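# A closer look at the structure
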Amino acid sequence: METLKIYLKQEKEKEQKQREAEAKFAELKDKYQATKYPDRSISSKLFSILKN
C-alpha cells in the first residue's frame, strides 16, 4: 500500500512539472512572438530553442 502512495505522489509531481513546463513554453512563445506555431509540446525543438 505504501508503494502505491509513493507512486501516486510521484505521478502527481510529474504532472505538475509538465503543466509548469507547458505554461513556461506558452510564455516564451508569446514573448518571442512564436504563436503561429501550434505545437504546445515541451518536447518540441521550438521549446528548447526558445529556452536558450
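The structure this text deals with has already been given above.
Before going into details, it helps to say that this report is about the structure given with it.

How each quantity is defined
Residues numbered from 1 in each chain as written. Predicted model: local features only at pLDDT ≥ 70, side-chain atom pairs only at ≥ 80, totals over all residues. Heavy atoms only, no water. Helix = DSSP H or I, 4+ residues; strand = E, 2+ residues; numbered from the N terminus. Rg over C-alpha atoms; globule rule 2.2 N^0.38 Å. Buried < 20%, exposed > 50% of the residue type's maximum accessible area, 1.4 Å probe, protein only. Expected span 1.5 Å × (residues − 1). Contact = heavy atoms within 4.5 Å. Core = buried A, V, L, I, M, F, W, Y, C linked by side-chain atoms within 4.5 Å.

### Topic: the overall build of the protein chain
From N to C terminus, the protein chain includes two helices and zero strands. Relative to its length of 52 residues, the protein chain is extended, with a C-alpha radius of gyration of 15 Å against a globular reference of 10 Å. With respect to the three principal axes, the spread of C-alpha positions in the protein chain is 50 × 20 × 15 Å. Residues counted as buried form 17% of the 52 residues belonging to the protein chain.

### Some thoughts on unusual backbone geometry
Of note, Gln33 is a non-glycine position whose phi angle comes to about 50 degrees, a positive value. On the secondary structure map, Gln33 appears in the loop between α1 (2–31) and α2 (45–51).

### Description of α1
Helix length check: α1 (30 residues) gives 44 Å between terminal C-alpha atoms against 44 Å at 1.5 Å per residue, within 8%. Looking only at α1, the buried set comprises Ala21, Phe25, Leu28 and Lys29. In this fold, the buried residues of α1 make contact with α2.

### Examining the nonpolar core
By size, the foremost hydrophobic cluster in this structure holds six residues: Phe25, Leu28, Ala34, Leu46, Phe47 and Leu50. Elements with a contribution of two residues or more to this core: α1 and α2. A per-element tally of this core places α2 first, with three residues. Setting aside its immediate chain neighbours within four residues, Leu50 contacts Phe25, Leu28, Lys29, Tyr32 and Ala34.

### Side note on the side chain of Lys29
Secondary-structure assignment places Lys29 in helix α1. Overall, Lys29 belongs to the buried group, its relative accessible area being 9%. For Lys29, the residues in contact, after removing those within four places along its chain, are Ala34, Thr35, Tyr37, Pro38, Asp39 and Leu50.

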